[in-house]
Amino acid sequence: MKLFVILLLSVSCSMTKKAPVAWEFSKDIKNPESIYFDKESGYAFIANIDGAGDGKDQRGHISLVSKDGKMLNSMWITGLNAPKGMRSHKGILYVTDIDKVHAIDIKSAKVKSSYIVRYAKFLNDIAITKSGTVYVSDTLTSKIHKILKGKVTTFVAGKKYESPNGLLVHDNKLYVAAWGLTTDWSTKKLGRLYSISLKNRRIRYVSKAPLGNLDGLEIKDDGNFLVSDWVAGKIYEITPKGKTTTIFSGKKGLADIGLIHSSGKILIPYMLDNKIISL
């Protein structure tokens, strides 16, 4: 069993300070790639890869955690391969899994359906519109796919999308936190935060200069973006005009972050350390 520790951290300006341990579990947290808080159900979900990020070994699982940090079921959904990004819509939790997207009914804890994305290599994050259209990033092919009414199509593809990772829908735009163009995770040029118009696919760069190997993406109530950098182990706060501030400096493996809007708490998965922290 691996030790799952959630530490409460307080932030003052750009500095972080550790507080006493608040929650502690020994419950099968293994290579957590993402954590997502679902406002509707009041649950947080942890996607555990438990192995290689592209390994089809059925070891991947989803853990269920309460809003106050109590582990409810560490093996809530099992039998997945390498689950990563998650978002919910009308009681359904959508989860990427290498070349599939699973739709899980939260109330019954059952996989309702799975969508195969042909030729996908590394499906990563998910964003969902208010009407239920699902967008999925495939980082290693530099594509973003769309799922609408059960049909999977490619929304955009090409080197200019810089190997998209984190996704977020806001104001009729798809915001993208890019890793930096890659086919093997090495990068000659770091990725940026940008948006794609859902009407005409026009790109607007929020980050004008290369920023990092970007992963998780959330938006605060004030309109500023929160972006994690997997390699540098940092979290950036970025204004809509592109002003960037480092609000947290950790270590390598800081993956797909979650956000509880009611409290402003940021949930951080450390993929290499089998640990979640919050700040």
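Our subject is the structure listed above.
The rules behind these values
Residues numbered from 1 in each chain as written. Predicted model: local features only at pLDDT ≥ 70, side-chain atom pairs only at ≥ 80, totals over all residues. Heavy atoms only, no water. Salt bridge = Lys/Arg side-chain N within 4 Å of Asp/Glu carboxyl O. Helix = DSSP H or I, 4+ residues; strand = E, 2+ residues; numbered from the N terminus. Buried < 20%, exposed > 50% of the residue type's maximum accessible area, 1.4 Å probe, protein only. Pairing = 2+ DSSP bridges. Axes fitted to C-alpha atoms, helices over the stretch in contact; angles between N-to-C directions.

A. Expanded view of the pattern of salt bridges. Tallying each qualifying case throughout the model produces seven salt bridges. Where Arg87 meets Glu218, a salt bridge forms, and the shortest distance between an N and an O atom there is 3.4 Å. One end of the pair, Arg87, is in strand 7 (residues 83-89); the other, Glu218, is in strand 19 (residues 214-219), with 131 residues separating them in the sequence. Of the two residues, Arg87 and Glu218, both sit in the buried class. The partner of Lys220 in a salt bridge is Glu237, and the shortest N-O contact between them spans 3.0 Å. Taken together, the positions of Lys220 in the loop between strand 19 and strand 20 (225-229) and Glu237 in strand 21 (residues 234-238) put the pair 17 residues apart, joining distant regions of the chain. Salt bridges here are not isolated pairs; linked through shared partners, they connect Lys220, Asp222 and Glu237.

B. Broad picture of the environment of Ile35. By the element assignment, Ile35 lies in strand 3 (residues 32-38). In sequence terms Ile35 and Leu259 are 224 residues apart; their C-alpha atoms lie 8.7 Å from each other.

C. Summary view of the sheet that holds strand 18 (residues 203-205). Reading across from one edge, 15-16-17-18 is the order of the four strands in this open sheet, with antiparallel pairing throughout. Each edge of the open sheet carries a strand with a single partner, namely strand 15 (164-170) and strand 18. Neighbour to neighbour, the strand axes of the sheet diverge by 25 degrees on average, direction disregarded. Relative to strand 16 (residues 173-178), strand 15 runs antiparallel, the two sharing six bridges. The residue of strand 16 that forms the bridge with Leu167 is Val176.

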